[in-house]
Amino acid sequence: MSNWSNRKYIIGAIILIVFITIFIKLFYLQIFDETLKQSSDNNSQRHVTVYPGRGLIYDRNSVLLVCNEAAYDLMLVPRNMDEFDTLSLCNDIDISIEEFYEKLEKCRKYSMYRPSIFHKQINSSQYAVLQEHLYKYHGFFVQARSLRKYNEGIAAHILGDIGEIDIKTLENDSYYSGGDYIGKSGVEKSYEELLRGSKGVEIFLVDVRGNIQGSYHNGKYDKPATPGKDIHLTIDIELQRYGELLMKNKVGSIVAIEPKSGEILALVSSPSYDPQLLVGRKRGHNYDSLLNSPAKPLINRAVSSTYPPGSIFKIAIALVALQEGVIKTTSYFPCDVSKVACHGHPPANSVARGIQYSCNPYFYFVFKNTIQRGFEKSIFKDSRIGLDLWKEKIMTLGFNQALDIGLPGVNKGLIPGSDFYDKWYGKHRWAFSTIYSLSIGQGEVLVSPLQMANFCAILANRGFYHNPHILKKIDNEEYVGENTKKIFTPFAREYFEEAVKGMDYVVNEEYGTGYYARLQDIRVCGKTGTAQNRGKDHSVFIAFAPKDQPKIALAVYVENAGFGGTWAAPIARLMIEKHIRGYTNDSILEKRIIETEILSNE
Amino acid sequence: MNRSKRGNILVNIDWITVAIYLILVFLGWINIYSATYNESHISIFDISQKYGKQLIWIGAAIIIAVFTLIIDSKFYSSFAYVLYGIGILLLLSVLFFGIEVNASKSWFQIGDFRIQPVEFTKISVCLALARLLSDENFSFNKFSDVIRTAIIFALPIILIFLQNDTGSALMFFSFIFVLFRQGMNKVVFITSFALVVFFILALIIDLEILLIISLALNIIGFTILNKYSSQKRIVFYTSLVLAIISYVLYKYTNIFVDKTLTLVLINTAAIALLMLVLFIIKKNKTIILFLTTIIGITIFVLSVDFVFNNILQPHQQNRINDLLGISSDPLGAGYNVNQSKIAIGSGGLSGKGFLKGTQTKYNFVPEQSTDFIFCTIGEEWGFLGSSLVLFLFCFLILRLIFLAERQRSVFSRIYGYGVVSILFFHVAINMGMTIGLAPVIGIPLPFFSYGGSSLWAFTILLFIFIKLDSDRLQIFR
């Protein structure tokens with residue numbers, strides 16, 4: 001062992017070398033390097049953050065939706081406080097003397113040496129008064145901020161809101177510091193990084209009393225703020241406003257898409273609220289009351305809520321069956337009400353007629369042919385194979401996937417597959433007869449209004465779609481991104497033509513279920529749906545128009561409003577008219593819809 | 001030597017070490033007072049403030065120290081593995097029951113009090129290592145013994161990585177001193193140092209230069225190790241030619257996409273092949289070792305990017321970038337270090353005086369009473385004060401080496417070197433990071449930094465050794 005004993009010198013030498021290195025560096029820093037001592041002599045730096053202006057938000061026609069308003073935070077470094085006229089300060093910013101001491105204690109508790117926000121969001125007029133007296137209040141200074149201003153008072157779910165950053169985000173993102181504002185919902189959240197710009201900083205030298213002595217190194221280390229980018233949304237604010245008006249006193253959503261581009265024209269979620277409610281000092285209070293409201297106005301139902309789609313799903317069922325070759329466009333199936341209930345109508349001798357009459361047994365048989373194709377003797381094994389093939393196909397229509405539209409909270413919905421039912425019933429314990437209600441858009445399938453509208457856009461385009469999106473321009477440059485690209489669906493065009501023919505019949509022919517959506521000179525194609533519910537049925541309608549070169553495709557979902565033709569169809573019709581013509585001329589219908597109150601009974 | 005002297009612990013305790021310990025703890029306390037000084041709580045004994053609490057921790061630490069001295073010294077060697085097991089269990093349980101602080105899940109919270117078990121695991125690893133290496137039959141030439149040693153380190157390192165506490169995990173590499181002292185092959189020792197140097201070099205230097213350095217190192221290493229001078233030239237020229245070929249290949253063809261991979265792989269493959277041939281001819285053991293070393297370096301260099309991008313946390317990456325001058329944003333990641341340097345620099349020769357520091361109070365706050373306590377010393381006590389603290393630590397560590405070397409028991413000596421390694425790593429890295437010499441990894445300055453669990457752990461660590469040392473005369477070889 002002792003033969004290694006001389007190694008103690010090597011170890012000792014290494015340790016000594018490291019300590020000598022530290023010693024030399026200390027000598028260099030403390031004796032030699034003069035630049036570091038500039039801030040010595042009881043001078044110290046103060047970093048004043050320069051907040052950039054947040055980007056503005058416009059609609060597709062360059063109507064300004066969101067802008068900024070100046071506000072000022074009164075900051076305090078408690079240690080630098082001197083005796084002063086506290087009453088005068090209280091008057092300047094309009095607080096009571098008790099509040100003053102409360103705030104002072106809060107700042108003291110946070111830090112004696114670091115600036116903390118003494119009073120938030122002072123408006124311009126108060127600031128003017130305060131500024132004149134500020135020199136008397138040692139330790140206080142003002143930091144400029146900007147608040148959001150939502151000009152139109154609508155589209156709250158799209159625009160979203162900003163608020164003070166929460167602790168969790170703060171810890172994970174070094175860009176932010178405490179008290180910063182960050183997008184909390186809507187576009188403000190999803191495009192936070194575009195809108196926020198980047199903060200700058202100005203460094204000042206201050207003496208122990210906190211008085212500014214000048215800029216640090218003549219501003220060499222200052223960093224200017226970069227303003228946020230302005231964005232244009234794809235939303236047409238007039239159409240949005242009209243949609244919100246029509247949905248007044250109802251619970252549900254409207255999603256309207258321009259089929260040829262995937263641009264979202266309107267995205268209504270009702271009930272809604274004025275986004276301006278969530279700005280400024282009253283934010284906290286308003287937020288709580290919105291959060292606790294039984295109608296849950298904060299939820300963006302258009303993208304976050306999913307429902308059984310009802311009969312509109314029959315079109316998708318037919319498309320898959322046609323493409324898989326298990327039926328033909330001219331297939332006839334009897335209206336056999338022993339299988340599933342139906343209403344009286346002439347016999348359906350083609351897919352288009354099946355869609356027109358929305359014949360439940362027709363799609364029962366269509367779906368049965370799709371699910372049980374005789375790959376296997378056992379109907380249990382057979383249904384498993386059939387269902388998975390079906391699911392793979394139907395998902396290409398945008399179902400069961402979270403469409404990246406540029407808003408937070410998009411729900412992917414659900415298309416149940418064999419794994420789903422295996423978990424529910426056990427493997428090989430279920431067959432077509434267990435799941436047939438899928439054929440009429442009931443049962444376990446869940447679809448968001450956004451997905452319905454997107455599906456409608458696919459039908460309007462006869463087979464392709466652009467991923468629906470909400471962002472149109474960034475700093476006046478047309479936005480192109482991963483979520484604007486064109487996607488083709490694996491269905492033959494002739495099958496889409498057949499489906500569209502059916503949707504045309506629905507609106508424009510006798511025995512069609514969507515005659516309320518009919519317009520004189522615009523050919524509307526649509527499909528009604530009535531989604532069964534524990535309470536009253538939900539009313540659903542998807543439509544696009546005109547039939548050739550469609551300009552708008554939309555989905556209307558009204559909760560607890562009963563048959564789809566009664567409420568959702570006329571709302572869709574008015575929206576189409578408004579978009580294509582720019583005005584509507586059926587004021588009686590309009591009035592009836594606006595004044596009707598349909599409240600959720602769940 | 002008479003019996004009574006041998007048995008009397010008060011006589012045999014190394015009072016010099018104890019005195020340095022007490023001075024350091026005291027200095028730590030008054031600097032915490034200064035760093036967190038609160039005008040509305042002026043008394044240094046005010047237990048609502050950090051300085052008051054630290055006094056309680058110090059009191060408890062002294063009681064703990066006394067207990068550590070009272071326990072029979074055989075306990076530490078006999079129960080070394082048991083304590084190691086407990087240490088590992090603590091690390092495991094903190095993964096499940098711990099709370100997250102600064103993105104590391106490495107703390108237990110009991111009421112208001114937080115404990116970081118890794119602090120105590122250091123002690124038990126140190127004991128277990130001493131026990132293992134002091135075994136009469138232990139040899140670095142035995143494969144099974146090397147594996148055992150590796151396991152002792154691997155278990156805690158893995159668990160600490162899982163807690164996201166890279167700083168503490170790195171500390172275990174400092175035990176290389178212990179292994180070296182106990183007869184680990186010096187090639188491995190040199191290689192380990194080379195690895196560290198390479199890790200940093202690979203981050204800053206162009207690959208072309210790195211390649212030249214690596215070649216030079218290869219050659220120097222070979223020159224030192226290889227006694228067969230006739231082969232030297234062959235190796236030198238061959239590897240040079242191959243390196244140039246690989247460089248030309250990279251530069252003028254598009255065969256290889258990734259330049260790091262290309263250069264290093266070709267270079268290494270060439271050298272490795274050459275070595276293999278030489279080995280087959282000569283069956284020279286040194287060559288095998290050298291071969292392994294080269295391959296080790298290569299894997300290491302290759303893994304730098306991977307480790308840097310995938311294992312280190314973003315804030316650690318920033319800090320390394322900052323340390324190495326890759327990003328020089330005075331308000332970004334380097335903010336802490338920049339402010340820390342200004343604070344220390346502004347202290348000048350004799351400092352601003354007790355409680356007069358402004359830099360540490362105004363700007364630079366996040367960890368001024370814990371990891372960055374050295375700033376306060378530098379600012380308020382100046383170059384004289386900070387050198388004194390540096391000197392005290394240096395003296396303490398060298399004193400511990402001296403004590404370790406005078407042990408008759410191998411166990412005690414190894415443990416002593418363990419204490420040396422741990423203290424050295426903490427002091428060097430902690431001071432280094434405040435003056436921009438080392439990356440900012442959150443580890444405390446022993447005896448100085450605010451906090452009970454770190455103070456207690458370092459106290460136990462040191463006093464076990466003082467106890468072992470005081471019993472040195474009772475042990476015969």
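Above this text you will find the structure in question.
Residues numbered from 1 in each chain as written. Chains lettered and ligands numbered in written order. Predicted model: local features only at pLDDT ≥ 70, side-chain atom pairs only at ≥ 80, totals over all residues.

Chemist: I'd like a description of the overall build of chain B, backed by residues and values.
Modeler: Looking only at helices and strands, one finds 21 helices and three strands in chain B. Sequence-distant contacts, at least 24 apart, represent 69% of the contacts inside chain B between residues at least 6 apart. (Helix = DSSP H or I, 4+ residues; strand = E, 2+ residues; numbered from the N terminus. Contact = placed C-beta atoms within 7 Å.)

Chemist: Quick one: what's the story with the sheet that holds strand E12 (residues 263-270) of chain A, residue by residue and with numbers?
Modeler: Residues and elements named next belong to chain A. A sheet is described by the order of its strands in space; here five strands give the open sequence E12-E11-E19-E18-E17, paired in antiparallel fashion. The open sheet has two edge strands, E12 and strand E17 (525-531), and neither has a second partner. Across this sheet, the average inter-strand angle for adjacent strands is 5°, counted without regard to direction. As judged from the seven bridges shared by E17 and strand E18 (residues 538-545), these two strands associate in the antiparallel manner. The residue of E18 that forms the bridge with Thr530 is Ser539. Together, strand E11 (252-258), E12, E17, E18 and strand E19 (552-558) form the strand contacts of helix H20 (residues 568-581), whose direction differs from that of E19 by roughly 150°. (Pairing = 2+ DSSP bridges. Axes fitted to C-alpha atoms, helices over the stretch in contact; angles between N-to-C directions.)

Chemist: Talk me through unusual backbone geometry; I want residue IDs and the actual numbers.
Modeler: Leaving glycine out, the prevailing phi sign among residues is negative, and the prevailing peptide bond configuration is trans. All names here are of chain A. For the peptide bond that leads from Ser270 to Pro271, omega is 0°, which places it in the cis range. The peptide bond linking Ala545 to Pro546 adopts the cis configuration, its omega dihedral lying at -15°. For Pro546, the position within the fold is in the loop between E18 and E19. The backbone of Gln549 shows a phi angle near 45°, a positive value even though the residue is not glycine. Positionally, Gln549 belongs in the loop between E18 and E19. Unlike most non-glycine residues, Asn560 shows phi in positive territory, near 60°. As for its placement among the helices and strands, Asn560 is situated in the loop between E19 and H20.

Chemist: Please give an account of the sheet that holds strand E2 (residues 104-110) of chain B that cites residues and values.
Modeler: Residue and element names in this part refer to chain B. Strand order in the open sheet made by the three strands is E1-E2-E3, with antiparallel pairing throughout. Edge positions in the sheet fall to strand E1 (99-101) and strand E3 (113-115), since each of these pairs with one other strand and no more. Each adjacent strand pair in this sheet contributes to an overall mean axis angle of 50°, direction not counted. Summarising the sheet, E2 and E3 pair through three bridges and their orientation is antiparallel. Bridged to Ile110 within E3 is Phe113.

Chemist: Before we move on, can you summarise the packing of helix H7 (residues 117-133) of chain B against helix H21 (residues 452-470) of chain B with the specific residues and values?
Modeler: All names here are of chain B. Interhelical geometry of H7 versus H21 gives an angle of 15° and a closest axis separation of 8 Å. One element, H7, and the other, H21, form an angle in the roughly parallel class. Read as a crossing pair, H7 and H21 show a hand that is right-handed. Across the interface between the two elements, Glu119, Phe120, Lys122, Ile123 and Cys126 from H7 touch Ser453, Ser454, Ala457, Ile460 and Leu461 from H21. Classifying every residue of the contact of H7 with H21 by side-chain character gives six nonpolar, two polar and two charged. (Parallel < 35°, antiparallel > 145°, perpendicular 65-115°, else oblique. Left-handed = near helix turned anticlockwise from the far one by under 90°. Nonpolar A, V, L, I, M, F, W, Y, C, P; charged D, E, K, R; others polar.)

Chemist: Hey, could you go over the pairing of E19 of chain A for me, with residue numbers and the actual values?
Modeler: Successive residues of a regular strand alternate their side chains across the two faces of the sheet. Residues and elements named next belong to chain A. Across the seven residues that make up E19, a large majority, seven, are buried. The side-chain alternation of E19 yields two buried faces, one formed by Ile552, Leu554, Val556 and Val558 and the other by Ala553, Ala555 and Tyr557. Pairing analysis gives six bridges linking E11 to E19, with the strands arranged antiparallel. Bridged to Val255 within E19 is Ala555. With seven bridges joining them, E18 and E19 adopt antiparallel strand pairing. Bridge pairing in E19 places Val540 opposite Tyr557. Adjacent in sequence and paired antiparallel, E18 and E19 are bridged by six residues, among which Gln549 carries a positive phi angle near 45°. (Buried ≥ 20, exposed ≤ 12 C-beta atoms within 10 Å, placed from the backbone.)

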